[in-house]
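This is what each chain is made of:
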Amino acid sequence: MKELEQLPIPLLVWYRENARVLPWRSHPTPYRVWVSEIMLQQTRVAAVLDYYRRFLEAAPTVADLAALPEDQLMKLWQGLGYYSRARNLQKAARQIMETFGGVFPNTYEDIRSLAGVGDYTAGAISSIAFHLPVPAVDGNVLRVTARVRGDSGDITTPAMKKRVTQALAQIIPLDAPGDFNQAMMELGATVCLPNGAPLCDKCPASSFCRAFLEGRTGELPVKAAKKARRAEERTVYLFFYENQVALRRRPDKGLLAGLWEYPNEPSGGTNWPAAWGLEPRTLERAGTGKHIFTHIEWHMTALAGELDSPELPAGWVWADRTALRDTYALPNAFQSFSEKVADRLGRF
Ligand code: SF4
């Protein structure tokens, strides 16, 4: 028997004994599975738990999510990162209301047609919520499968993903496709760890896993080196007037689309305060911060200054500490400066 064919039974037995208790696993409705899967993209389970609870309280149904005001949606997502996920969730909720009569679609193709839902998420929802035998292939599943089969294909390529998806489609158990997919992810997240450090002695696949039997767990999976991130120096301006700080909204497209921020621009060259028509009394250094995005790193220096007039460029707003806490969603990138702002406005 091929390695992968030996996997389902011991894996399911292991999963049923070892699965972490997670709120979206009890009562896995399509909506709950969908929200959790979107939140879990690029994000650790521990970081998601509180967000998930708050999100479900604020929007317990697709209809509630479709109707949620944008600022509230962004506030619920504040700090979770990759904000386009939140926008796509709402876009998809509106699609469900308009195209599917408010009922969550129940075929792989229809689920895949929702905004922000790729092959992996469509597979996860189809299998967990609708018991359809469709693999859900994420980074964890690619790693486990490459190791079990001893496959040295590059897991960052679409060809390898296709090969793994096809291989798993052959062995996914028809009576437990959701558990199988979740078990693969769970094994990857808790046992078959990346960076050459799998816990093979705890693994239900160790008696037939090629990487383990051949001593190749350090080499597999093969992953092409990522391109280096570009570093960008930015100056962040903390403009104060009375007990408020100036914020502006980022453009609707691109990095941190539509979120609020302290005005900031690439450092050097332009005198930005003058370009914005602002005349701070003084501008003092107010700390530094660094934030790492997928393709870019911001190295930020903050300058703080008091303005004599409340006039701001079009589209900017003044926010006091209550508004910073309750109304405006600022991304984590600016967290380094919240201390400075709190010193001036009071805790928020
Ligand atoms: S035996 Fe080791 S390398 Fe193979 S699947 Fe299990 S944890 Fe991963």
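Residues numbered from 1 in each chain as written. Predicted model: local features only at pLDDT ≥ 70, side-chain atom pairs only at ≥ 80, totals over all residues. Heavy atoms only, no water.

1. Some words on the site of the ligand
Close contacts around the ligand come from R147, V148, V191, C192, P198, C200, C203, S206, C209, F212 and T217, and that covers them all. Looking at the shell around the ligand, its residues break down into 8 nonpolar, 2 polar and 1 charged. (Near = heavy atom within 4 Å. Nonpolar A, V, L, I, M, F, W, Y, C, P; charged D, E, K, R; others polar.)

2. Comments concerning the packing of aromatic side chains
A full pass over the atoms with the stated rule returns 16 aromatic pairs. Judged by centre distance (5.3 Å) and plane angle (90°), the rings of Y237 and W276 are edge-to-face. Linking Y237 in strand β1 (residues 230–241) with W276 in the loop between α13 (272–275) and β5 (284–292), this pair joins segments that are 39 residues apart in sequence. Each residue in the set Y237, F239, W272, W276 and W316 is aromatic and connected to the rest through ring pairs, giving one cluster. Sitting above the plane of the Y51 ring, R54 keeps its charged end 5.0 Å from the centroid. Positioned over the ring face of W298 is R234, at 4.7 Å from the centre of the ring. (Phe/Tyr/Trp six-rings, centres within 6.5 Å; stacked < 30°, edge-to-face > 60°. Helix = DSSP H or I, 4+ residues; strand = E, 2+ residues; numbered from the N terminus. Lys NZ or Arg CZ within 6 Å of the ring centre and 35° of its normal.)

3. Things to note about the pattern of salt bridges
For the structure shown, the criterion picks out 25 salt bridges. Of the charged contacts in the structure, one is a salt bridge between R25 and E186, with a shortest N-O distance of 2.7 Å. Of this pair, R25 sits in the loop between α1 (8–18) and α2 (30–40) while E186 sits in helix α11 (residues 177–190), and the two are 161 residues apart along the sequence. Its relative accessible area of 22% is what places R25 among the partly exposed residues. Of the charged contacts, one joins R248 and E261 as a salt bridge, the two residues approaching to 2.8 Å between their closest N and O atoms. Taken as a pair, R248 in strand β2 (residues 244–249) and E261 in strand β3 (residues 260–261) lie far apart in primary sequence, 13 residues in all. Per residue, the accessibility class of R248 equals that of E261, and both read buried. Salt bridges sharing partners connect three or more residues here, namely E3, R210, E214, R216 and E219. (Salt bridge = Lys/Arg side-chain N within 4 Å of Asp/Glu carboxyl O. Buried < 20%, exposed > 50% of the residue type's maximum accessible area, 1.4 Å probe, protein only.)

4. Looking at the domain arrangement of the chain
When its domains are assigned, the chain resolves into domain 1 (2–213) and domain 2 (230–345). For domain 1 versus domain 2, the separation of C-alpha centres amounts to 36 Å. With 9 residues of domain 1 in contact, the opposing surface of domain 2 contributes 16 residues. Surface buried jointly by domain 1 and domain 2 totals about 910 Å² across both partners, of which 45% is contributed by carbon and sulfur atoms. Of the charged contacts in the structure, one is a salt bridge between D71 and R249, with a shortest N-O distance of 3.4 Å. The interface formed by domain 1 and domain 2 contains 8 residue pairs in polar contact (both at pLDDT 80 or more). Residue contributions to the side of domain 1 that touches domain 2 peak at 4 residues, all from helix α5 (residues 70–77). Looking at the side of domain 1 that touches domain 2 residue by residue, the class counts come to 3 nonpolar, 2 polar and 4 charged. (Domains from an automatic or database assignment. Contact = heavy atoms within 4.5 Å. Buried area = accessible area lost by both parts, 1.4 Å probe. Polar contact = N/O pair within 3.5 Å; in protein donor to acceptor, adjacent residues only side chain to side chain.)

5. Here we look at unusual backbone geometry
Here L220 and P221 are connected by a cis peptide whose omega angle stands at 0°. Within the element layout of this structure, P221 appears in the loop between α12 (210–213) and β1. Unusually for a residue other than glycine, H27 sits at a positive phi of about 60°. Here H27 lies in the loop between α1 and α2. Given a relative accessible area of 57%, H27 falls into the exposed group. Within the chain, Q42 stands out as a residue other than glycine whose phi angle is a positive 60°. Along the polypeptide, Q42 turns up in the loop between α2 and α3 (45–58). In this structure Q42 comes out as exposed when scored by relative accessible area, which is 65%.

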